[in-house]
Amino acid sequence: MVVGGRGTVAPPALVSRFSPDMADFHYDPEKNYDEQTLEQQRHIEQEVASTQALVSERLSLNQLIKDYSMEDNIYQQKIQDLRSRYRDIRKTRGDGNCFYRAFGFAYLERLLHDKSDIPRFKEVVNQSKTDLVALGYPQFTLDDFFDTFLDVLSRVESSCTPEELFDTFNDQGVSDYLIVTWRLLVTCYLQRNGEFFANFLEGHRDIKEFCCQEVEPMNKECDHIHITALTSAVGIPVRVEYMDRGEGGLVNHHDFPECSKPAITLLYRPGHYDILY
Amino acid sequence: MAQDQSSLLLKKQLNELMKNPVEGFSAGLIDDDIYRWEVVIIGPPDTLFEEGLFKAHLVFPKEYPLRPPKMTFKSEIWHPNIDKDGNVCISILHEPGEDKFGYEKASERWLPVHTVETILVSVISMLADPNDESPANVEAAKMWREHPDEFKRKVGKCVRKSQEEFVD
């Protein structure tokens, strides 16, 4: 199951923009399409960025009803089920970073109200940085990302208001630096527990290759393995409510790690994560 | 804000390189613009490029380090992985694409943790060890494979030219 962002966001305008070329497209194995692919990806990213905030305001779950047609019984039923347990949703941008952004915002927002977990978490972050240096990562860039991350955390600890946290997460520069750091926390945990996680990799990749291809690069979506690693690495349990097209009318959830008491709850819809309240 | 961050990080890197120069290259700014660097790469010892003093430009996007810089040699250089306009085509300067055709191993692509130093270390190692599987200069790749003597002469010319230009 691949989850986390891009799949849901192909605005109709883009389809028309690219389809004329596609009509007389013949694949030439001698040619390198990489630049074109990146270019097209860039267009999609810009389109998404202009219509979706990195992190939205808290919205009533009633809003979700409008996202689906009234005839869509499966989803309408599931929204009702969701509403029996949750009130609000906070949406994140579908840019492939949505899991990290949702997870990060939900956790720091929680810390605003209960600061008791901050010292423990800071220690985890600092230890991961030390471990990454030991794994051969350049201290120089690690400092840059981790300093920003710890700075935001310190502000949460001292004087940050909910509005300031919201602004921080919607400031693309800082917000993306936080994403890089979460990704580094995942890569660190995966590599330090490589023997265990290697069992879950498909294909012929080793854990280091997997991290370089699927974890560290920006905009790479989050899969089960990433969530398992992140929640274990930072000791922040999360519940994910899965709202998909499956029959039954109920939204099922999964807790990471299993049998934990979740600190935050996210809503998963195929390809995307948002925050639930 | 992304701009503040990238310029700050670049400034820090430049200061660090001034304080603790790394063997094999030197770096400075073009027109005092923190996003445009001129580097001089010293041809690695025991290679055909030995003693060359190759000028190259690094142009950083505002989204650096989330996106990679572009690197272009300004000195004439003959190498399978540098196209005829001087553009360096190595995997770590490319973002990981969904597309798996053509390019080198995705595991060696751009990552936010890369620095100017790690880029240049890769470029220097590329000079020493061309990758002819995905050449940017097909003619150079062919010559490197099939006519090593001719390749050597051609590179030797570039080395001398780079030295002369450097003195000017």
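The rules behind the values
Residues numbered from 1 in each chain as written. Chains lettered and ligands numbered in written order. Predicted model: local features only at pLDDT ≥ 70, side-chain atom pairs only at ≥ 80, totals over all residues. Heavy atoms only, no water. UniProt positions renumbered as here; feature names shortened; annotations may be inferred. Helix = DSSP H or I, 4+ residues; strand = E, 2+ residues; numbered from the N terminus. Buried < 20%, exposed > 50% of the residue type's maximum accessible area, 1.4 Å probe, protein only. Contact = heavy atoms within 4.5 Å. Areas by Shrake-Rupley, 256 points an atom, 1.4 Å probe, with all protein chains shown as cover. Phe/Tyr/Trp six-rings, centres within 6.5 Å; stacked < 30°, edge-to-face > 60°. Lys NZ or Arg CZ within 6 Å of the ring centre and 35° of its normal. Pairing = 2+ DSSP bridges. Axes fitted to C-alpha atoms, helices over the stretch in contact; angles between N-to-C directions.

Going by what an unreviewed UniProt entry lists, chain B is known as E2 ubiquitin-conjugating enzyme and is assigned to Acanthosepion pharaonis. UniProt, in its Sequence similarities (unreviewed entry) section for chain B, records the words "Belongs to the ubiquitin-conjugating enzyme family."

Chain A carries the name Ubiquitin thioesterase in an unreviewed UniProt entry, which gives Acanthosepion pharaonis as its organism. Recorded in UniProt under Catalytic activity (unreviewed entry), the annotation for chain A is "Thiol-dependent hydrolysis of ester, thioester, amide, peptide and isopeptide bonds formed by the C-terminal Gly of ubiquitin (a 76-residue protein attached to proteins as an intracellular targeting signal)."

(A) A look at the overall build of chain A. Of the regular secondary structure elements, chain A holds 12 helices and six strands. The proportion of buried residues among the 277 residues of chain A is 52%. Partitioning the intrachain contacts of chain A with sequence separation of at least 6 by distance along the chain shows that 77% fall at a separation of at least 24. When the accessible area of chain A is evaluated, it comes to approximately 13,000 Å², of which 51% is carbon and sulfur surface.

(B) Structural context of the packing of aromatic side chains. Overall, the coordinates contain 21 aromatic pairs over all chains when judged by the stated rule. Ring centres of F196(A) and F200(A) lie 5.2 Å apart, and the angle between their planes is 65 degrees; on these two criteria the pair is classed as edge-to-face. Relative to Y64(B), the ring of F60(B) lies with its centre 4.9 Å away and its plane at 75 degrees, an arrangement referred to as edge-to-face. Under the relative-accessibility criterion, Y64(B) is labelled buried at 1%. The residue whose ring lies beneath R58(A) is Y277(A), and the NZ or CZ to ring-centre distance is 4.0 Å. Just above the ring of Y35(B) sits the side chain of K62(B); from NZ or CZ to the centre is 4.0 Å.

(C) Highlighting the pairing of strand 5 (residues 264-269) of chain A. All names here are of chain A. In terms of residue burial, strand 5 counts as a mostly covered element, since six of its six residues are buried. Neither face of strand 5 is exposed, since I264, L266 and Y268 on one face and T265, L267 and R269 on the opposite face are all buried. The sheet contact formed by strand 3 (residues 238-242) and strand 5 spans five bridges and is parallel. Of the residues in strand 5, the one forming a bridge with V238 is I264. Direction of pairing for strand 5 relative to strand 6 (residues 272-276): antiparallel, over a ladder of four bridges. What sits directly across from Y268, in strand 6, is Y273. The loop that links strand 5 with its antiparallel partner strand 6 comprises two residues; one of these, G271, has a positive phi angle of about 90 degrees.

(D) The sheet that holds strand 2 (residues 33-42) of chain B, seen in detail. Residue and element names in this part refer to chain B. With respect to topology, four strands assemble into an open sheet ordered 1-2-3-4, the strand pairing being antiparallel. Single-partner strands in this sheet number two, and they are strand 1 (25-30) and strand 4 (70-73). Between one strand axis and the next, the sheet turns by 25 degrees as a mean value, whatever way the strands run. In terms of strand pairing, strand 1 meets strand 2 through six bridges, oriented antiparallel. When the sheet's bridge partners are listed, F25 is paired in strand 2 with I41. Sheet strands in contact with helix 2 (residues 116-128) are strand 1, strand 2, strand 3 (53-59) and strand 4, and its direction is about 35 degrees off that of strand 2.

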